[in-house]
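What follows is the residue order along each chain.
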Amino acid sequence: MHRTGLFSFLRPGLPRGLLAALAAVLLLFAVPPGARAAGLDAALLAPLAGDDSEARVAAIAALGALPDPGAATVLQALGEDRLYVTAAGRILVGGADAQAPATDPTSGERVDLPADAQTISINNRLRRAIQGALAGSQLHAADPAARLAAARRLQQSNDPARLPLIAQALAREQHAEVRAALELAQAKLELASPDASVRRHAVELLGRANNAAFRPLLADLAEPRADGSHAETDPTVRDAAAAALRAIDRHVAIVEWTGNLFYGLSLGSVLLLAAIGLAITFGLMGIINMAHGELLMIGAYATYLVQTAFRAWLPGWMDWYVLAALPVAFLASAGVGMALERTVIRWLYGRPLETLLATWGISLILMQAVRTLFGAQNVEVSNPSWMSGGFTVMGGLVLTYNRIAIIVFALLVVFLVWVLLNHTRLGLFVRAITQNRRMADCVGVPTGRIDMLAFGLGSGIAGLAGVALSQLGNVGPDLGRGYIVDSFMVVVLGGVGQLAGTVIAALGLGGVNKLLEPYAGAVMAKITILVLIVLFVQKRPQGLFAPRGRSAE
């Protein structure tokens, strides 16, 4: 087809991509600088409404290369079917809705959309061109985050014609993170260079990025094909690609180990909250409380009820319902615990088998009561906005805010329990009864009331663990059953009644469990930990820290 006008000098035999690139450059420099500063030139926009696909692609590319926010506005409107042309050939950007006025991109004037204006239609090829051009136009945005997003989109491009655009952006970019993203985009496109030294430099840049997304690309260069040939002919480039692959694999392994440690720390924090209360009751009274997991469940359901109340009556304060749930969950679990101690457990001191059976029966009663009240299905407890999401470190590891909050909360609870046991009158009585109950009773310590309060304290801390668990997953009647065995393992490993041992054992078991899971699976990881604890207790029955009190009497 014979082209006239602006494109008449281009030979039909040239590749289409080169035609579009040359036309884009010509259109860009055909616009006077003053016109670009004041607004977009009408001659630049006119091909968008024409029938020549090559001219439309070239105009889109030229708009993408302009350092003008108006160019990005036109491209976005074209992609959203909001770009109009009047019978007189005037290009207008439509508003977000039909009632909003249109904008003339050449002058910025707000006008009513004429009745004869028609939407400029586009096809899939033009949509792809618009997406690429928008990535280029946003490299000129004032917001570094927008420029970073555009640079990352360019990393997915395979069009070498974008190299001049990236070079221009690098020449003026001052933000370090954006520069690094642009250099990666440049390196990926430079892999198509005929110069082996340029390809080797690009491979080295991709290797230093430690981005696993580039691994298939580097593997294609480094590894031979099925027939023994190589996609990369230069051996130095292949060696550089192999070295880059090893660097990426090392980084991915480090990220995986770090992620497992983080998730192990968060799991250990939950175990710590669950085991602190058990350590207090088990260490003080020697009670094997099989209903301890159900006290966690009560705390989780208390959180669900508080969330429901806030949603119904205080929707504007939904982000803070977790803070209100903390005292509610503590008091609810503590109340249930003290009621159990006064009505059942106090009559079974010194009879461990009967206590175990009784508390196991109580756990079944509590689970069935919850099923009756709330149903057998899980209920959802949502994270507040300040606990949603996370931030990325090491190029791929996401540290979620809810797990970070749980880790900090667990450490805060440990500190408060330490203060309570070591710097309050109640703590003094608890320590006295733990060391020698009969002597404490002889000197006037109300052992019965202290037993009740200590059991309530341990149960309340279990309720706080339920609040933490509700932020990690759904809440159901069987929530606490999965943590009771782990909690007992923490108490036994750390030393009965020993706060420091409980902290070390909980965090250690959580970390080891998450490190073993990728290799052995979740079930085998727990079995392995149980076997290791049994072997450890065989050699050191008192745990990490020797207990004081009943076992010493």
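Since we're looking at a predicted model, the values are computed, not measured.

Draft legend 1. Examining the pattern of salt bridges more closely. A complete count under the given rule lists 16 salt bridges for this structure. Residue Arg 90 is joined to Asp 104 by a salt bridge in which the shortest nitrogen-to-oxygen separation is 2.8 Å. Placement of the pair is Arg 90 in the loop between β1 (83–85) and β2 (91–93) and Asp 104 in the loop between β3 (102–103) and β4 (110–111), with a sequence separation of 14 residues. Given the relative accessible area of 33%, Arg 90 is considered partly exposed. The network of salt bridges with shared partners includes Arg 90, Asp 104 and Glu 109.

Draft legend 2. Main features of the environment of Ala 505. Tracing the chain through its elements places Ala 505 in helix α21 (residues 499–539). A C-alpha to C-alpha distance of 14 Å links Ala 505 and Val 485, two positions 20 residues apart in sequence. Dropping the residues within four chain positions of it, Ala 505 is found in contact with Val 490, Leu 493, Gly 494 and Leu 544.

Draft legend 3. Expanded view of a nonpolar patch on the surface. A cluster of nonpolar side chains, contributed by Trp 313, Leu 314, Trp 317, Trp 320, Leu 323 and Trp 386, occupies part of the molecular surface with about 740 Å² of accessible area. You can see Leu 314 is positioned in the loop between α13 (292–313) and α14 (321–343).

Draft legend 4. Focus on unusual backbone geometry. One non-glycine residue, Asp 81, lies in positive phi territory at about 60°. With respect to the helices and strands, Asp 81 occurs in the loop between α5 (69–79) and β1.

Draft legend 5. Layout of helix α20 (residues 481–494). Over its 14 residues, α20 extends 21 Å from the first C-alpha to the last, a length consistent with the 20 Å expected when each residue adds 1.5 Å. Most of α20 sits out of view: 10 of its 14 residues are buried. Turning to α20, its buried residues are Tyr 483, Ile 484, Asp 486, Ser 487, Phe 488, Met 489, Val 490, Val 491, Leu 493 and Gly 494. Among the residues trailing α20, Gly 495 stands out with phi positive, at a value near 110°.

Draft legend 6. Up close: the packing of α14 against helix α19 (residues 447–470). One can describe the packing of α14 onto α19 by two numbers: an axis separation of 7 Å at closest approach and a directional angle of 140°. Of the possible angle classes, the one that applies to α14 and α19 is oblique. Where α14 crosses over α19, the handedness of that crossing is right-handed. Classifying every residue of the contact of α14 with α19 gives 14 nonpolar, 7 polar and 3 charged.

Draft legend 7. Spatial organisation of the nonpolar core. Core analysis: the biggest nonpolar cluster contains 73 residues, and Ile 276 and Val 417 have the highest contact counts within it. With 12 residues, the single largest contributor to this core is helix α12 (residues 235–285). Sequence-distant contacts of Ile 276, that is, excluding residues within four places in its chain, are made with Val 414, Val 417, Ile 461, Leu 499 and Thr 502. Ranked by size, the runner-up nonpolar core spans 27 residues in total, among them Leu 45, Val 74, Leu 83 and Ile 120.

Thresholds applied
- Residues numbered from 1 in each chain as written.
- Predicted model: local features only at pLDDT ≥ 70, side-chain atom pairs only at ≥ 80, totals over all residues.
- Heavy atoms only, no water.
- Salt bridge = Lys/Arg side-chain N within 4 Å of Asp/Glu carboxyl O.
- Helix = DSSP H or I, 4+ residues; strand = E, 2+ residues; numbered from the N terminus.
- Buried < 20%, exposed > 50% of the residue type's maximum accessible area, 1.4 Å probe, protein only.
- Contact = heavy atoms within 4.5 Å.
- Patch = residues over 30% accessible without salt bridge, like charges linked within 9 Å, V, L, I, M, F, W, Y side chains within 5 Å.
- Areas by Shrake-Rupley, 256 points an atom, 1.4 Å probe, with all protein chains shown as cover.
- Expected span 1.5 Å × (residues − 1).
- Axes fitted to C-alpha atoms, helices over the stretch in contact; angles between N-to-C directions.
- Parallel < 35°, antiparallel > 145°, perpendicular 65-115°, else oblique.
- Left-handed = near helix turned anticlockwise from the far one by under 90°.
- Nonpolar A, V, L, I, M, F, W, Y, C, P; charged D, E, K, R; others polar.
- Core = buried A, V, L, I, M, F, W, Y, C linked by side-chain atoms within 4.5 Å.

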